[in-house]
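Summary of the model geometry
Residue-level listing of the chains:
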Amino acid sequence: MAKPERKLVPPQLDPKPKNDLLKVPIIKKFIQSRWYPGIFQWMGMVVFSVIVFQLVLGTVDPHNNFGISMTWVLWWPIIPIIFIALGRFWCAVCPFGKTSDIVRRLVGKERPMPKFLKKYGIWLIDIFFILITWGDHIWGVVESPRGSGYLLLGLFTMVVITSVFYERRTFCKTLCFLGGLAGNYSRAGMLELRGTPDICRTCKTQDCYKGNEKAEGCNMFQFVRTMNTSADCNLCGNCVKTCPNDSIRLSVRKPTSELWLLQNPKLEHAFLATVIMGIVFVQNMTMLEFWEGILNGIGTLTRTTYYPVNFTIAFLIAMIIPIFLMWLTAKITVAVDSTTTVKNNFIRYGYAIIPLDLAGHIGHNLFHLITEGKAVWFNTVALFGVQMTGDLGFASDETVRIWQFVMIGLGAIGSLYAVYRIGDRKPIKKLWPFYLIMIIFTVINIVLFSLPMDHRVH
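Conventions adopted
Residues numbered from 1 in each chain as written. Predicted model: local features only at pLDDT ≥ 70, side-chain atom pairs only at ≥ 80, totals over all residues. Heavy atoms only, no water. Buried < 20%, exposed > 50% of the residue type's maximum accessible area, 1.4 Å probe, protein only. Helix = DSSP H or I, 4+ residues; strand = E, 2+ residues; numbered from the N terminus. Pairing = 2+ DSSP bridges. Patch = residues over 30% accessible without salt bridge, like charges linked within 9 Å, V, L, I, M, F, W, Y side chains within 5 Å. Areas by Shrake-Rupley, 256 points an atom, 1.4 Å probe, with all protein chains shown as cover. Salt bridge = Lys/Arg side-chain N within 4 Å of Asp/Glu carboxyl O. Polar contact = N/O pair within 3.5 Å; in protein donor to acceptor, adjacent residues only side chain to side chain. Contact = heavy atoms within 4.5 Å.

Re the pairing of strand S1 (residues 191-195)
Where a strand is regular, its side chains alternate between the two sheet faces. For S1, a buried count of 5 out of 5 residues is recorded, marking the element as mostly surrounded by other parts of the structure. Residue alternation in S1 divides its side chains into two sets, Leu-191, Leu-193 and Gly-195 and Glu-192 and Arg-194, and both sets are buried. Of the strand pairs in this sheet, S1 and strand S4 (residues 248-252) are connected by 5 bridges, and their pairing is antiparallel. Counterpart to Glu-192 in the pairing with S4 is Ser-251.

What follows is the structure, given as structure tokens:
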């Protein structure tokens, strides 16, 4: 007779944090003021407007376009660092989120979120993220000012439409491809907003969710009393403003600690974490010399040199391999430890990949930020008629490679430790398959980062 599955019940979060940032008067007063997060939102709106204008109407030369350098050389590389340091703070100041707030306030019908989006929203986010990444390589969005501009305008249109019809930030919650990435990465972040359980238990108003005269309710549909993850908290501060009981706390925590404290792990989150690893692999491979050889090899099988076909096959293989390896690892682990199931293993330990995902994302984009970063300054001053040229890098490729190895090393430590904690500190003999798969992913990343990469901006 098969043994019953042993539920992995994570420990409760510490109800009395020792480092509540809201105990610092100036921080609490600022977050409770009308200046937060508005001052950052309007600054973001101004910069976003200039970026879109330059992408759509500026020079078509990607190397000299302000919008391209700001979006893909600066913003995209630093966004995962923001997720680690500040959780989903970017979502609080994102121009799309502010646009949603304005549209809803002016013409919003405030209908409830459709049941379909409630049920399948995360899967839709997963699909959109995959399609946008695929589309970038097929149509060259990242290296095309017009393509990048139309992508942003398309997303902007989706924000407006959903905000006209549906309540709160429905787009951000269920359709934004960056929101899915932000949610997964923020689980490994160093900042968390929570309610104080003993105080929230006696609350009668639920103003944090409903809102009051001080601010609207949580625009990400979160009820602070039961919130146990940072994945859907954008640190907008509304609950800090509306809570009548001074229950909200904003605390610094150990990076990755949430990964083994999750109380409701979901397949769609583990799937996205696993897929991202494959996407990181293919993003790196497209910048290496042997990439053409891979495409030619696939072309031999497909009997075509048509890039979209051959790339799509390579892209699918790159995503399928991590998924297959994680499933195989989950299956082997059941043979080693029969107290759990393959599905449960895949879901729970899928979250352990997130630190390596972050490390790979940061490592890949550090190359662009450090070796091409001066393009941001050159293209910014060019808006004011000042022409500057010169080496775009702050450091050599070799120096960047050292930093990439450091990042992958830190990611590996985070993922291996997450396996240990998710596994409830079981002995190595019961968790060795998951330790091994994290080491395999680490080695693949190190090999890819050890090879010379092509520059996006010259």
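Points about unusual backbone geometry
Of note, the amide linkage connecting Tyr-36 to Pro-37 takes the cis form, showing an omega dihedral of -5°. Among the secondary structure elements, Pro-37 is positioned in the loop between helix H1 (25-32) and helix H2 (38-57). Backbone geometry at Arg-425 places phi at a positive 60°, although glycine is not the residue there. Among the secondary structure elements, Arg-425 is positioned in the loop between helix H19 (397-422) and helix H20 (428-449). Taking the relative accessible area as the measure of exposure, Arg-425 reaches 47% and is therefore partly exposed.

Things to note about the environment of His-361
Here His-361 shows up in helix H17 (residues 354-372). Each C-alpha atom of the pair His-361 and Lys-343 lies 26 Å from the other, and the pair is 18 residues apart in sequence.

Topic: a nonpolar patch on the surface
On the surface, Leu-316, Ile-320, Phe-324, Trp-327, Leu-328, Ile-332, Ile-428, Trp-432, Leu-436, Ile-440 and Ile-444 cluster together into a nonpolar patch covering about 960 Å² of accessible area. Here the nonpolar patch takes 6 residues from helix H15 (residues 307-336), the largest share from any one element. Here Ile-332 shows up in helix H15. Exposure remark for Ile-332: the relative accessible area of 33% places this residue in the partly exposed category.

Some details on the side chain of Thr-174
With respect to the helices and strands, the residue Thr-174 is situated in helix H8 (residues 170-174). The exposure class assigned to Thr-174 is buried, which follows from its relative accessible area of 2%. Of the polar contacts made by the side chain of Thr-174, one reaches the backbone oxygen of Thr-170; its length is 2.8 Å. Residues within four places of Thr-174 in sequence aside, it is in contact with Met-113, Leu-117, Gly-121, Leu-124 and Ile-125.

Such coordinate-based values are descriptive only and should not be taken to indicate function.
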